[in-house]
Amino acid sequence: MEEFRRSYNRLCEESGAEPQEAVLQQLHQLPKGGLDLTTQSLTVETCRALGKLLHKETLLKELVLSDCMLSEEGSTLLFQGLCANTSVQHLDLKGNNLRATGAEALGKLLRQNKSIQSLTLEWNNLGTWEDAFATFCGGLAANSALRQLDLRNNQISHKGAEELALALKGNTTLQQLDLRWNNIGLLGGRALVNCLPSNRTLWKLDLAGNNVPGDILRAVEQAMDHNQDRLTAFRENQARTKILSKEVQHLQEEKSKQFLDLMETIDKQREEMARDSRASAVRVGQLQEALNERQSIINALKAKLQMTEAALALSEQKVRDLGELLVAGDQERQSLSQRHEKERKLERQEAANRESKLLRDLSAANEKNLLLRSQVDELERKARSQQEQLFLTKQELTNTSAELKIRAIQAEERLDVEKRRAKQNMEDLEKLHSKEELSRMKAAVLSERGQAEEELIKARNQARLEEQHRLAHLEEKIRLLAQARDEAQGTCVQQKQMVAESQARVSQLNLQMEGQQRRLEELQQELINKDQEKVAEVARVRVELQEQMGRMQADLVAQEALREKVAALERQMKVIGSEHREALLDRESENASLREKLRLKEAEISRIRDEEAQRASFLQNAVLAYVQGSPLRALSPPK
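The name recorded for the chain in an unreviewed UniProt entry is Leucine-rich repeat-containing protein 45, from Mus spicilegus. According to the UniProt record, the Subcellular location (unreviewed entry) comment for the chain reads "Cytoplasm, Cytoskeleton, Microtubule organizing center, Centrosome". The chain has a UniProt comment under Function (unreviewed entry) that states "Component of the proteinaceous fiber-like linker between two centrioles, required for centrosome cohesion."

Take a look at the structure:
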């Protein structure tokens with residue numbers, strides 16, 4: 001409050017006036033939240049300074065200016081400063097002899113101020129000036145903050161009471177009004193009683209010392225009791241409404257908390273599902289890579305099988321060529337034997353004819369024949385050995401071809417099993433992933449299969465072309481061998497060399513077959529290991545999915561429990577609302593009964609008014625008759 005004191009000094013110095021010592025002393029001893037200037041004669045300059053300070057002051061709650069002998073100008077300046085004040089709640093203006101200007105300024109103050117709740121105007125003369133008091137009553141009718149008003153000893157007449165009655169009809173906040181020790185009288189009391197049915201907030205009205213009849217005072221007391229009962233009922237309903245609103249707010253907060261917890265759990269579940277989907281996508285990628293690797297291995301095996309089939313076809317073609325060469329050798333041997341027999345017949349004939357001449361030639365021919373026979377025997381033995389070797393090679397080739405076919409069939413069966421397993425895995429994975437990813441994977445697998453089939457078709461076409469070229473080449477060789485029939489010995493040597501080469505190639509093919517068999521065993525072992533790993537991975541994924549499903553089921557159970565709690569809370573809220581509605585209905589029925597009682601009381605009051613009016617007219621007629629000297633019996637009202 002030191003700032004308030006310095007501001008007061010500064011304003012007084014600016015206006016060229018000396019600050020009042022008594023005011024400075026009160027400001028120096030100012031309690032917190034209040035300013036008491038009782039019995040201090042405030043000058044106009046002090047009122048002007050205080051008005052300017054009160055215009056912006058926000059700390060004062062109570063202002064006491066009783067018995068300060070305020071002048072008209074000083075009170076106007078003070079009230080102008082209070083018009084814009086928003087902190088003063090209690091204003092005491094007792095014993096300041098406020099007149100017409102003060103009453104008008106008070107009316108303006110009540111019309112503009114929104115913070116003053118208690119106003120004390122005892123021992124003033126506001127009711128003496130009727131027009132100014134009407135302005136004051138107009139401000140009171142427009143006020144929406146005042147709760148308590150003290151108008152004791154203000155010379156208020158029945159006209160002022162009528163103005164107050166009009167103000168009370170428009171006012172909706174005033175609760176206590178003290179009108180003791182004024183000059184309201186019968187007419188003013190009736191005006192106040194007539195205004196009370198339209199005012200539902202005033203619950204205390206003091207009319208002692210106003211020459212008001214007792215029946216009017218009783219009517220006022222009944223109206224005040226009715227308003228007080230209504231106020232207590234309203235306060236009880238307001239308290240219950242506050243309690244119910246707090247309970248509803250508490251339930252709403254609990255419900256919002258439960259909803260937020262539920263949303264958090266749902267978000268966590270969504271995050272876990274997203275992580276699981278990402279992990280499953282990674283696993284699917286790994287499985288796809290493994291499938292691609294296996295597909296590449298299978299393609300390589302298919303290529304190797306095609307190569308072995310081509311080599312087997314080449315070896316079979318070579319065996320057929322060797323058989324054809326053997327047949328040609330047999331034919332040549334038969335031709336040679338036939339030729340030798342013809343020559344021997346000729347020689348025998350010549351020997352028979354020229355026995356004597358050709359003895360030496362015969363011996364030489366015999367020797368030549370023996371040599372030729374030895375050569376033929378050797379050729380036959382060689383042919384038989386070659387046939388045996390060819391037969392063995394054919395058997396070995398047939399055995400190897402049968403083994404290769406069996407292995408190829410086993411490989412195809414394993415490939416079919418692997419395909420079925422891959423399809424099963426794909427179906428298992430289809431349950432875990434979305435249809436779009438599976439469609440893309442299927443499209444990729446189909447495209448890869450189409451590419452592999454195209455490559456197989458190309459390889460088969462190329463092998464066919466190579467076989468055709470080889471067949472053409474072999475036909476050329478056969479033609480050359482047909483031309484080289486006379487060179488039997490060279491062909492035999494070539495046959496030996498070719499048999500040796502075929503044996504070497506057969507040995508090489510056996511070695512290759514053994515290597516391929518080992519490779520197939522290794523691949524089978526790898527496939528078995530991969531299958532085991534895949535089965536373990538699928539089992540682990542199933543276990544994780546089962547755990548996730550268990551957690552999700554637990555979350556669903558918790559959500560159901562929360563929903564049941566929410567339903568129970570909603571039922572409780574409905575029960576509370578129904579009870580509240582029943583209480584409101586009871587209150588409305590009570591209010592209806594009270595309105596009915598009030599209507600009966602108003603009817604009784606109107607009847608009493610009529611009786612009073614008749615009595616007054618009877619008394620007036622009696623007084624007039626008495627003044628005029630006429631007998632009373634002639635003026636008595638008819639019964």
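Enquirer: Account for the overall build of the chain, naming residues and giving values.
Expert: Helix and strand counts for the chain come out as 13 helices and 7 strands. Taken over the C-alpha trace, the chain has a radius of gyration of 66 Å; the compact-globule value for 639 residues is 26 Å, which it surpasses by more than 25%. Its C-alpha atoms give the chain principal-axis dimensions of roughly 230 × 75 × 35 Å. Scored against the burial criterion, the 639 residues of the chain give a buried share of 32%. At a minimum sequence separation of 6, the contacts of the chain that also span at least 24 residues come to 83%. Just so you have it, the chain exposes about 40,500 Å², and 53% of that area is on carbon and sulfur atoms. Within the chain, the 102 negative side-chain charges are centred at a point lying 3 Å from the centre of the 97 positive side-chain charges.

Enquirer: Residue-level account of the pattern of salt bridges, with values.
Expert: A full pass over the atoms with the stated rule returns 14 salt bridges. Residue Glu-122 is joined to Arg-152 by a salt bridge in which the shortest nitrogen-to-oxygen separation is 2.6 Å. With Glu-122 in the loop between strand E4 (118-120) and helix H6 (130-142) and Arg-152 in the loop between strand E5 (148-150) and helix H7 (158-170), the pair connects residues that are 30 residues apart, well separated along the chain. With respect to class, Glu-122 is no different from Arg-152; both count as buried. For Arg-519, the salt bridge identified is with Glu-522, shortest N-O distance 3.5 Å.

Enquirer: Tell me about a negative patch on the surface, residues and numbers included.
Expert: Where like charges cluster on the molecular surface, the negative patch consists of Asp-261, Glu-264, Asp-267, Glu-271 and Glu-272. Residue position: Glu-264 is located in helix H9 (residues 214-353).

Enquirer: Tell me about a positive patch on the surface, and please be specific about residues and values.
Expert: A cluster of basic residues, Lys-342, Lys-345, Arg-348 and Arg-373, forms a positive patch on the protein surface. Looking at which element gives the most residues to the positive patch, the answer is H9, with 3 residues. Accessibility expressed as a relative area gives 57% for Lys-342, which makes it exposed.

Enquirer: Could you give an account of the state of the cysteines, naming the residues involved and the relevant values?
Expert: Summed over all chains, the structure comprises 0 disulfides. Distance from the sulfur of Cys-83, which forms no disulfide, to the nearest cysteine sulfur (Cys-47) is 14 Å. In this structure Cys-137 is not part of a disulfide, and its nearest cysteine sulfur, from Cys-195, lies 11 Å away.

Enquirer: Residues and numbers for the sheet that holds E4, please.
Expert: Taken in spatial order, the 7 strands line up as E1-E2-E3-E4-E5-E6-E7 in an open sheet, and their pairing is parallel. Of all the strands in the sheet, just strand E1 (34-36) and strand E7 (204-206) have a single pairing partner and so form its edges. Ignoring strand direction, the axes of neighbouring strands in this sheet form an average angle of 0°.

Enquirer: Break down the environment of Gly-16 for me, citing the residues and quoting the values.
Expert: Mapping Gly-16 onto the fold places it in the loop between helix H1 (2-15) and helix H2 (21-28). Exposure remark for Gly-16: the relative accessible area of 70% places this residue in the exposed category. The sequence separation of Gly-16 and Arg-595 amounts to 579 residues, and the corresponding C-alpha distance is 63 Å.

Enquirer: Kindly report on the nonpolar core, identifying the contributing residues and their values.
Expert: Of all hydrophobic cores here, the largest spans 69 residues; its most connected members are Leu-93, Leu-121, Leu-149, Leu-151, Leu-179 and Leu-192. Residues within four places of Leu-121 in sequence aside, it is in contact with Leu-93, Leu-98, Leu-106, Leu-126, Phe-136, Leu-149, Asp-150, Leu-151, Arg-152 and Asn-154.

Enquirer: Just give me the short version of a nonpolar patch on the surface, but keep the residues and values in it.
Expert: On the surface, Phe-259, Leu-260 and Met-263 cluster together into a nonpolar patch covering about 290 Å² of accessible area. Secondary-structure assignment places Met-263 in helix H9. Judged by its relative accessible area of 30%, Met-263 is partly exposed.

Enquirer: Describe in detail the packing of H1 against helix H3 (residues 44-56), supporting the description with residues and values.
Expert: Running from N to C, H1 and H3 point in directions that differ by 130°, and their axes come no closer than 9 Å. As far as their axial angle goes, H3 and H1 are oblique. In this structure, the crossing between H1 and H3 has a hand that is right-handed. Contact residues: H1 offers Phe-4, Ser-7, Tyr-8, Leu-11, Cys-12 and Ser-15, while H3 offers Glu-45, Thr-46, Ala-49, Leu-50, Lys-52 and Leu-53. Residue composition of the contact of H1 with H3, grouped by class: 7 nonpolar, 3 polar and 2 charged.

Here is what the cut-offs are and how they apply
Residues numbered from 1 in each chain as written. Predicted model: local features only at pLDDT ≥ 70, side-chain atom pairs only at ≥ 80, totals over all residues. Heavy atoms only, no water. UniProt positions renumbered as here; feature names shortened; annotations may be inferred. Helix = DSSP H or I, 4+ residues; strand = E, 2+ residues; numbered from the N terminus. Rg over C-alpha atoms; globule rule 2.2 N^0.38 Å. Buried < 20%, exposed > 50% of the residue type's maximum accessible area, 1.4 Å probe, protein only. Contact = heavy atoms within 4.5 Å. Areas by Shrake-Rupley, 256 points an atom, 1.4 Å probe, with all protein chains shown as cover. Lys, Arg positive; Asp, Glu negative; His and termini not counted. Charge placed at Lys NZ, Arg CZ, Asp CG, Glu CD. Salt bridge = Lys/Arg side-chain N within 4 Å of Asp/Glu carboxyl O. Patch = residues over 30% accessible without salt bridge, like charges linked within 9 Å, V, L, I, M, F, W, Y side chains within 5 Å. Disulfide = S-S within 2.5 Å. Pairing = 2+ DSSP bridges. Axes fitted to C-alpha atoms, helices over the stretch in contact; angles between N-to-C directions. Core = buried A, V, L, I, M, F, W, Y, C linked by side-chain atoms within 4.5 Å. Parallel < 35°, antiparallel > 145°, perpendicular 65-115°, else oblique. Left-handed = near helix turned anticlockwise from the far one by under 90°. Nonpolar A, V, L, I, M, F, W, Y, C, P; charged D, E, K, R; others polar.

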